[in-house]
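# Fold and contact review
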Amino acid sequence: MSIPAVPGVYRGVLFRSNLERQWARAFDGMLGEARGGPRWIYEPPPHRPDFELFDTDGKPWIIVEIKNDAFDIEHSPVHRFTSIAKKTGRSVFLLAGNCWPGQYSVFVFSADGARIINEGAWRECRGCGYVSIFGIGGKCRNCIGIEVDAFTDRIVEAFDAASKLRART
Ligand SMILES: [Zn+2]
């Protein structure tokens, strides 16, 4: 018996947008799993950001909001993101654009305000495999001095798999 794929569903989760669904797939490819489960939760209570991400031990890590390429920080209400950062004490990373290397911008909201990460992107350390969001020329937080790379096999394959999740037409 074949089970038809349901548009908008990934890992049993129904996403509001295919872009969010693609990011969930990209997170799986880039970050792997923690304790047999994904390293993300979609719209976790109580504040319901788009994603909460976990570290490899399953501990709370960062909060992620997804916007499409129409996002314009100058003309968008960003109070919600700063508010979540204040309430949780954690950074909120906003990924705006397409789910593809070089086609999204990264903004970070902390309790004291918002800023853009210069050429921010998901990058991997070629020394230890640590994956996180870094600015251009960023150095791994585990391997002092090793520069991280946005185009490793793991990251490119993760985005490629995500891009294959198509919206209902
Ligand atoms: Zn490293």
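For the structure, check the block above.
Analysis parameters
- Residues numbered from 1 in each chain as written.
- Predicted model: local features only at pLDDT ≥ 70, side-chain atom pairs only at ≥ 80, totals over all residues.
- Helix = DSSP H or I, 4+ residues; strand = E, 2+ residues; numbered from the N terminus.
- Rg over C-alpha atoms; globule rule 2.2 N^0.38 Å.
- Buried ≥ 20, exposed ≤ 12 C-beta atoms within 10 Å, placed from the backbone.
- Contact = placed C-beta atoms within 7 Å.
- Axes fitted to C-alpha atoms, helices over the stretch in contact; angles between N-to-C directions.
- Parallel < 35°, antiparallel > 145°, perpendicular 65-115°, else oblique.
- Left-handed = near helix turned anticlockwise from the far one by under 90°.
- Nonpolar A, V, L, I, M, F, W, Y, C, P; charged D, E, K, R; others polar.
- Pairing = 2+ DSSP bridges.

## Comments concerning the overall build of the chain
A count of helices and strands for the chain gives three helices and 13 strands. In terms of C-alpha radius of gyration, the chain reaches 16 Å, essentially the compact-globule figure of 15 Å for 169 residues. Taken over 169 residues, the chain has a buried fraction of 33%. Within the chain, counting contacts between residues at least 6 apart in sequence, those at least 24 apart form 46% of the total.

## Focus on the packing of helix H1 (residues 18-31) against helix H3 (residues 153-163)
At a closest axis distance of 8 Å, the pairing of H1 and H3 adopts a crossing angle of 150 degrees. Taken together, the axes of H1 and H3 are roughly antiparallel relative to one another. Read as a crossing pair, H1 and H3 show a hand that is right-handed. The residues of H3 that touch H1, namely those facing Gln22, Trp23, Arg25, Ala26, Gly29 and Met30, are Arg154, Ile155, Glu157, Ala158, Phe159, Ala161, Ala162 and Ser163. Counted by class, the contact of H1 with H3 contains eight nonpolar, three polar and three charged residues.

## Observations concerning the pairing of strand E11 (residues 121-125)
For a regular strand, side chains alternate in direction, first toward one face of the sheet and then toward the other. With five of five residues buried, E11 is to be regarded as a mostly interior element. Burial of the side chains of E11 extends over both faces: Ala121, Arg123 and Cys125 are buried on one face and Trp122 and Glu124 on the other. As judged from the four bridges shared by E11 and strand E12 (residues 131-134), these two strands associate in the antiparallel manner. Along E12, the bridge assignment pairs Trp122 with Ile133. Hairpin connection from E11 to E12: five residues lie between these consecutive antiparallel strands, with Gly129 at a positive phi of about 85 degrees.

## Focus: the environment of Glu20
By the element assignment, Glu20 lies in helix H1. Among the residues examined, Glu20 registers 21 C-beta atoms within 10 Å and is labelled buried. Spatially, the C-alpha atom of Glu20 lies 20 Å from that of Ala85, the residues being 65 residues apart in sequence. Excluding its chain neighbours within four sequence positions, the residues that come into contact with Glu20 are Phe15, Asp50 and Ile66.

## Things to note about the sheet that holds E12
With respect to topology, three strands assemble into an open sheet ordered E12-E11-E13, the strand pairing being antiparallel. The sheet is open, and its two edges are formed by E12 and strand E13 (148-149), each paired on a single side. Pairing of E11 with E13, which is carried by two bridges, proceeds in the antiparallel orientation. Note that in E13 the partner of Cys125 across the bridge is Val148.

## Details of the sheet that holds strand E5 (residues 40-42)
Strand order across the open sheet formed by six strands is E5-E6-E7-E8-E9-E10, with mixed pairing between neighbours. Here the strands that pair on one side only, and so sit at the sheet edges, are E5 and strand E10 (113-116). Adjacent strand axes in the sheet meet at a mean angle of 25 degrees when their direction is disregarded.

## A short note on the pairing of strand E9 (residues 104-110)
Examined bridge by bridge, strand E8 (residues 92-97) and E9 share six bridges and lie antiparallel to one another. Considered in E9, the bridge of Leu95 is made with Val106. Linking E8 back to E9 in an antiparallel pair, the connection comprises six residues, with Gly102 at a positive phi of about 80 degrees. Two successive antiparallel strands, E9 and E10, enclose a turn made up of two residues.

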